[in-house]
Each structure stands twice: as C-alpha cells, then as structure tokens.
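Each chain is listed here by its residues.
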Amino acid sequence: MYPKKFEDLITAFQQLPGVGHKTAERYAFETINWSKEKQEEFLEGLKALSTGIETCHICGNLSEGDLCPVCQDETRDSSTICVVQSPKDIAAMESIQEYKGVYHVLNGVIDTSKGILPEDLRLSSLLQRVERGNVEEVILALDPTVEGETTSLYIETLLKDKTHVTRLAYGIPVGGHLDYTDSLTLLRAFQGRK
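To keep things clear, this report deals only with the structure shown in the data block. (Residues numbered from 1 in each chain as written. Predicted model: local features only at pLDDT ≥ 70, side-chain atom pairs only at ≥ 80, totals over all residues. Heavy atoms only, no water.)

## Section: a nonpolar patch on the surface
Together, F42, L43, L46, L49, I53 and L62 make up an exposed nonpolar region whose accessible area comes to about 530 Å². Ranked by the residues each element gives to the nonpolar patch, the list is headed by helix α3 (residues 36–51), at four residues. Examined against the element boundaries, L46 turns out to sit in helix α3. Taking the relative accessible area as the measure of exposure, L46 reaches 44% and is therefore partly exposed. (Patch = residues over 30% accessible without salt bridge, like charges linked within 9 Å, V, L, I, M, F, W, Y side chains within 5 Å. Areas by Shrake-Rupley, 256 points an atom, 1.4 Å probe, with all protein chains shown as cover. Salt bridge = Lys/Arg side-chain N within 4 Å of Asp/Glu carboxyl O. Helix = DSSP H or I, 4+ residues; strand = E, 2+ residues; numbered from the N terminus. Buried < 20%, exposed > 50% of the residue type's maximum accessible area, 1.4 Å probe, protein only.)

## Brief notes about the packing of helix α1 (residues 4–13) against helix α2 (residues 21–32)
It is at 8 Å that the axes of α1 and α2 come closest, and there the two elements cross at 120°. Judged on the interaxial angle alone, α2 and α1 are oblique. Our pair here, α1 against α2, has a crossing hand that is right-handed. Side by side, α1 and α2 meet where F6, L9, I10 and F13 of the first sit next to H21, A24, E25, Y27, A28, F29, T31 and I32 of the second. (Axes fitted to C-alpha atoms, helices over the stretch in contact; angles between N-to-C directions. Parallel < 35°, antiparallel > 145°, perpendicular 65-115°, else oblique. Left-handed = near helix turned anticlockwise from the far one by under 90°. Contact = heavy atoms within 4.5 Å.)

## Regarding the packing of helix α6 (residues 123–131) against helix α7 (residues 146–158)
Geometrically, a packed helix pair is captured by the angle between its two axes and the distance between the axes. Axis separation between α6 and α7 bottoms out at 11 Å; the angle between their running directions is 35°. Helix-helix and strand crossings are classified by hand; for α6 and α7 the assignment is right-handed. Contacts from L123, L126 and L127 in α6 reach Y154, I155 and L158 in α7.

## Observations concerning α7
The first and last C-alpha atoms of α7 sit 18 Å apart over 13 residues, in line with the 18 Å expected at 1.5 Å per residue. The set of residues buried in α7 consists of G148, E149, T151, S152 and I155. Angular distribution of buried residues about the axis of α7 spans 165°; they occupy a single face of the element. Turned more than 90 degrees from where α7 packs its buried face, V146 and T157 sit exposed. Looking at the buried residues of α7, the elements they touch are β3 (77–84), α6, β5 (137–140), β6 (164–167) and α8 (183–191). (Expected span 1.5 Å × (residues − 1). Arc of directions from axis to C-beta.)

## Looking at the nonpolar core
For soluble globular proteins, the rule of thumb is that nonpolar side chains tend to be buried together. In this structure, C82, V83, Y103 and I155 are the most contacted members of the largest nonpolar core, which totals 30 residues. In this structure, V83 is in contact with H104, L106, L126, V138, I139, L140, A141, L142 and I155, ignoring residues within four places of it in sequence. Among the nonpolar cores identified, the runner-up in size contains six residues, and F6, F13, A24 and A28 belong to it. (Core = buried A, V, L, I, M, F, W, Y, C linked by side-chain atoms within 4.5 Å.)

## Overview of the side chain of Q39
Along the chain, Q39 falls in helix α3. In this structure the side chain of Q39 is engaged in a polar contact, spanning 2.9 Å, whose partner is the backbone oxygen of T31. Leaving out residues up to four positions away in the same chain, Q39 has contacts with T31, I32 and W34. (Polar contact = N/O pair within 3.5 Å; in protein donor to acceptor, adjacent residues only side chain to side chain.)

## Examining the packing of aromatic side chains
Counted by the stated rule, this structure contains seven aromatic pairs. Between the aromatic rings of F13 and F42, the centroid separation amounts to 6.5 Å while the plane-to-plane angle is 40°, which identifies the pairing as tilted. Taken as a pair, F13 in helix α1 and F42 in helix α3 lie far apart in primary sequence, 29 residues in all. Among the residues examined, F13 registers a relative accessible area of 11% and is labelled buried. (Phe/Tyr/Trp six-rings, centres within 6.5 Å; stacked < 30°, edge-to-face > 60°.)

## Some points on the state of the cysteines
On inspection of all chains with the given rule, the structure shows zero disulfides. Here C56 is not cross-linked by a disulfide; its sulfur's nearest cysteine counterpart is in C71, at 3.7 Å. No disulfide involves C82; its sulfur sits 11 Å from that of C59, the nearest cysteine. Taking relative accessible area as the criterion, C82 reaches 0% and is therefore assigned buried. (Disulfide = S-S within 2.5 Å.)

## Topic: the sheet that holds β5
Within the open sheet, the four strands sit side by side as β4-β3-β5-β6. Their pairing is parallel. The outermost strands of the open sheet, each flanked by one partner alone, are β4 (101–105) and β6. Here the strands of the sheet are splayed against their neighbours by 25° on average, with no regard to which way each runs. In terms of strand pairing, β5 meets β6 through four bridges, oriented parallel. Note on β6: the bridge partner recorded for I139 is T166. Contacts from α6 reach β3, β4 and β5, with the element oriented near 150° to β4. Contacting β3, β5 and β6, α7 runs over the sheet at an angle of about 165° to β6. (Pairing = 2+ DSSP bridges.)

It is worth stressing that arrangement in space is one thing and function is another; only the former is reported here.
Below you can see the structure in the form of structure tokens.
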C-alpha cells in the first residue's frame, strides 16, 4: 500500500521495544512531516550511535570517549561503587543529586530463562575493581525482580569478605496503599524501617 522506502521506515521503527505496526506507522508519518532540518537532526542523532557513542572502559556507562563524565570527575568518591543494570539507571540515580560515588554497569541481570548467565554480565570487571583495593562499599541498585534478586545474591557471594556490600532499601511508594502492596515489598519495607 505504501512506497517501499516508507514501508522500510515503518519496519525500522518496529525494531524499537514495545512498538508495533500501528505505532511504527504513526512514527513514520510524523517524521515524514518534519522539516528537512529536523529530519537531519534526527539522522545525526542516530548516526552518533555508531560513530560517537562508546562505552566507558571503567564502569560501562555511555561515553563519548574512553571515560564517561562520572569516571572523569575527580571529585567523585571512588571508594563507593553503585552497581546498576544499565546506563539509564545511572541517569535515575544522578537525578536524586545525592550519590557522589562511582558506578558499575552490568549490562543486564542473570536470567537463565533467557540464557543470560553470570559470565554474560560485566562481573569480572567489577571484581577486578574491588580487588584493586580502595573500594569500601558496593551498593547493589538492581531492580527488585526475581532476576535482580538472583543477581544481587550472586554478587554478594562473589564479593563476600572483599568489601562491604549493601542494597538499596525497598519500600512502599509515596501515595501507595498497604492493601495494594505485594507481600515482598511490604516485607522489605518492614525490614528496612527506620
């Protein structure tokens, strides 16, 4: 029904997670109506994925060179490492403007149902960072899912007797109701009470 190049654009948008055919079609129509300048700006952003965005060789965060902005910042406390699943989690942590340590990105969590095992994650580089010394605390900031819990337990075992390992507290969200809270969240909130 559409020209082949337009169909190709729809197919390209469908590669994004959670984007079905109708949403991809809507995106394609939106972009075709953009000005040439806006289309070029969008294309430049996509080109940066293959030519300008790299991975920090220390922590695994996104960077524009060997080191990400956090690892370049000499005022950060390198004795505290916050372990996260992906670079987008770093943005969430930074938004609270409270954490002053450094990060370590695992690029996933252990998920045997998907064939993701410990050796598929950036665990060896985390262990190397801890074994080099100067790391007083590793904070596990992984999602409170079965896979996140499994990964956290694995890391705790891996780092046992090497450094102090802590986890983010779990709790009931502001505006939440006890009767709608699942039992695991309620248990964690009770255990982490202050």
